[in-house]
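Secondary and tertiary structure notes
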Amino acid sequence: MANTALRIGTLGAARITPMALLRPARQVPEATVIAVAARDAQRAQAFASKHHIPKVHTSYEALIADPDVEAIYNPLPNSHHASWTIKALQAGKHVLCEKPLAANADDAQRMADAAATTDRVLMEAFHWRYHPLAARMKEIVDGGELGKIRHVETHFCIPLWILGDIRYRLDLAGGATMDTGCYAICILRFLAGAEPEVIRAEAKLSSPGVDRYMAADFRFADGRTGRFTCSLFSAAVLRMQARVVGDLGEMTVFNPVAPHFYHRIKVSTQSGSRRERVRGDATYTHQLRAFVDTVRNGTPVPTNPAHGVANMRVIDEVYRKAGLEPRRSS
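Remember, it's a predicted structure, so these values are computed and weren't measured experimentally.

1. Some details on the side chain of Asn78
Summarising the element assignment, Asn78 is placed in the loop between strand E4 (71-74) and helix H4 (81-90). The class of Asn78 is buried, set by a relative accessible area of 14%. Side-chain polar atoms of Asn78 contact the backbone oxygen of Ala173, separated by 3.0 Å. With residues near it in sequence (within four places) discarded, Asn78 still touches Lys99, Pro100, Ala102, Ala103, Leu172, Ala173 and Met178.

2. Quick word on the sheet that holds strand E3 (residues 55-57)
Strand order in this open sheet of six strands is E3-E2-E1-E4-E5-E6, and the pairing throughout is parallel. Since the sheet does not close on itself, it has two edges, and those belong to E3 and strand E6 (122-124), each with one partner. Sheet twist, expressed as the average angle between the axes of neighbouring strands with direction ignored, equals 25°. Bridge count between strand E1 (residues 6-11) and strand E2 (residues 31-37): six bridges; the pairing is parallel. Of the residues in E2, the one forming a bridge with Leu6 is Ala31.

3. Thoughts on the pattern of salt bridges
This model, assessed by the stated rule, comprises 26 salt bridges. Measuring nitrogen to oxygen at the nearest pair gives 2.7 Å for the salt bridge that ties Arg169 to Asp171. Given the relative accessible area of 37%, Arg169 is considered partly exposed. Between Glu195 and Arg189 there is a salt bridge; the shortest N-O distance is 2.8 Å. For Arg189, a relative accessible area of 8% puts it in the buried group. Here the residues in one salt-bridge network are Arg136, Glu139, Glu145, Arg274 and Glu276, joined through shared partners.

Definitions and cut-offs
Residues numbered from 1 in each chain as written. Predicted model: local features only at pLDDT ≥ 70, side-chain atom pairs only at ≥ 80, totals over all residues. Heavy atoms only, no water. Helix = DSSP H or I, 4+ residues; strand = E, 2+ residues; numbered from the N terminus. Buried < 20%, exposed > 50% of the residue type's maximum accessible area, 1.4 Å probe, protein only. Polar contact = N/O pair within 3.5 Å; in protein donor to acceptor, adjacent residues only side chain to side chain. Contact = heavy atoms within 4.5 Å. Pairing = 2+ DSSP bridges. Axes fitted to C-alpha atoms, helices over the stretch in contact; angles between N-to-C directions. Salt bridge = Lys/Arg side-chain N within 4 Å of Asp/Glu carboxyl O.

Laid out in structure tokens, this is it:
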């Protein structure tokens, strides 16, 4: 099997699937999407026909049980990540699970335990982490030209004005922090190279318990500070940025999340400023290559189960500091 394309089945016909899996699979010959399942049989068939997926299952259980499927892509709502990922792992499938890994840290830990017990790959789909821009950002931060790092902040605010969208549904573990915020927290942790303590958080709600905006302040054990903001509906219509401040200079990065569309690094120090861009394929293409490599060759990936658990712990604490409950799974 090691010399054949990794055969992937996708749970549901989610809007993200063409960009996150199907198009990358056309660029990665080591992977192929052979099956789709959806609760609505007509929708599943239409999705399969449109995207040339050869096999259609009318239930998630049937897809997971399919002996031809080696790996599962799970883009289901956040509240469904844990249950269906664990079922897939226990059926012997590797899983690429959309971010955030789970509805909360406890569920993420159960997923991590299942991956360890079954000796299957579980990888969280933080696609930005696999683009060469991520390594370049970290190289600049750790390279010394900014001096001693004092502050790290990240922002991911987008306009999502359709209030009926699933990302605004509490029963599906929605909210801005679960959506754009999970990216901002992940990038902050990555650039800091350490886990933050949540000092305070403030939410603005779209409905009871559901944040449309969140801001939080952090502190690291060595005295550094951090901050993040995220939103689906706020005055900050579009903001995608990372900023690292040191005692000798600072780095700002526009669009670290989807750099293949456009991005810009700006480094400012006492000796002047410069701008950089980093070439690479689409983030999702890099991610799929990494998923195949870890399944086939055991190559470690940065967005492993332990990473997912750590990210969810910060998300849960942000909610608590804002006076809200962590999300729950279905």
